[in-house]
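Chain residues, written in single-letter form:
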Amino acid sequence: MRPEELNHKLTEMIQATKEGKIHWNVQVQSTESNDISDKPKVEEDGLTWTVDEFYVSYYCKYKNQDFLLTTYEMIKKSDGRTRTSNMIFLPPLGNRFFNLHTLLPYSVEASAVLVSQCCNLWKLLLDMYKIDHSSVYLEVNPGKLEIEEE
């Protein structure tokens, strides 16, 4: 699917979600709450960066079809600075693995507009979950990140 098509679909889905027509199953895996001593460090631009990653798998039925979207964010922090990298995937239904190598064949070009739309979906679902747990199923698990040396 082209990024423009996915962006349009997400716009429709966000509206349908606001109207109560879609219920979501969201699974999250993040290293952000891990102890800082367990987080990998990388050297870039003369600085040491602490690295976290954040996966979100979004599943719903939309127009009588299954829909699965997975997003990935790598977060690097150093001396009050933050850098992020984002990736977006449309994997087959059976692929709910939080592993970049497994997800890469299903990547969609992550334009700034599409990343923003995914962020809008995330914020909407979190707001809905805070109000009513029955509209969004949310499962959050810790992850473990290991940086492979090249």
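Please refer to the structure placed before this passage.
Residue numbers run consecutively from 1 along every chain, following the written order of its sequence. For a predicted model such as this one, the threshold for reporting local features is a pLDDT of at least 70, and the threshold for listing and counting side-chain atom pairs is 80 or more; totals across whole chains, interfaces and linings nevertheless cover every residue. Hydrogens and water are ignored here; the side-chain numbers use all heavy atoms of the structure.

**Student:** Quick question: what am I supposed to make of the nonpolar core here?
**Tutor:** Ranked by internal contacts, the top residues of the largest apolar core, which has 28 residues, are L10, W24, V26, Y58 and L69. When contributions to this core are tallied by element, the ones reaching two or more residues are helix 1 (3–18), strand 1 (24–30), strand 3 (47–62), strand 4 (65–78), helix 3 (112–131) and strand 7 (136–142). Looking at this core, the element that brings in the most residues is helix 3, giving seven residues. Residues within four places of Y58 in sequence aside, it is in contact with W24, N25, V26, F67, L68, L69, T71, C118, L121, W122 and L125. Ranked by size, the runner-up nonpolar core spans 11 residues in total, among them Y55, Y72, F98 and L145. For this analysis, a nonpolar core means a set of buried residues of the types Ala, Val, Leu, Ile, Met, Phe, Trp, Tyr and Cys, connected via side-chain atoms within 4.5 Å. Only protein chains enter the accessibility calculation, which uses a 1.4 Å probe; a residue whose area is less than 20% of its type maximum is buried, one above 50% is exposed, and one in between is partly exposed. Numbering of helices and strands runs from the N terminus, with a helix taken as a DSSP run of H or I at least four residues long and a strand as a DSSP run of E at least two residues long. Any two residues having at least one pair of non-hydrogen atoms within 4.5 Å are treated as being in contact.

**Student:** How should unusual backbone geometry be read in this particular structure?
**Tutor:** Peptide bonds are mostly trans, and most non-glycine residues show a negative phi. Of note, K63 is a non-glycine position whose phi angle comes to about 55°, a positive value. Note that K63 resides in the loop between strand 3 and strand 4. The exposure class of K63 is exposed, given its relative accessible area of 60%. For D79, which is not glycine, the phi torsion reads 45° and is therefore positive. Along the chain, the position of D79 falls in the loop between strand 4 and strand 5 (81–89).

**Student:** What should I look at first to understand helix 3 in this one?
**Tutor:** It helps to recall that an α-helix has 3.6 residues per turn; residues three or four apart then point in one direction. Taking 1.5 Å as the rise per residue, helix 3 with 20 residues should run 28 Å; its terminal C-alpha atoms sit 29 Å apart, in good agreement. Residues of helix 3 that are buried include every one of L114, Q117, C118, L121, W122, L124, L125 and M128, and no others. Projected onto a plane normal to the axis of helix 3, the buried residues spread over an arc of 165° and lie on a single side. Those residues of helix 3 that are exposed and angled more than 90 degrees off the buried face are A112, V113, K130 and I131. Helices are assigned an expected span. That span is 1.5 Å times one less than the residue count. In this description, the arc belongs to the directions extending from the helix axis to the C-beta atoms.

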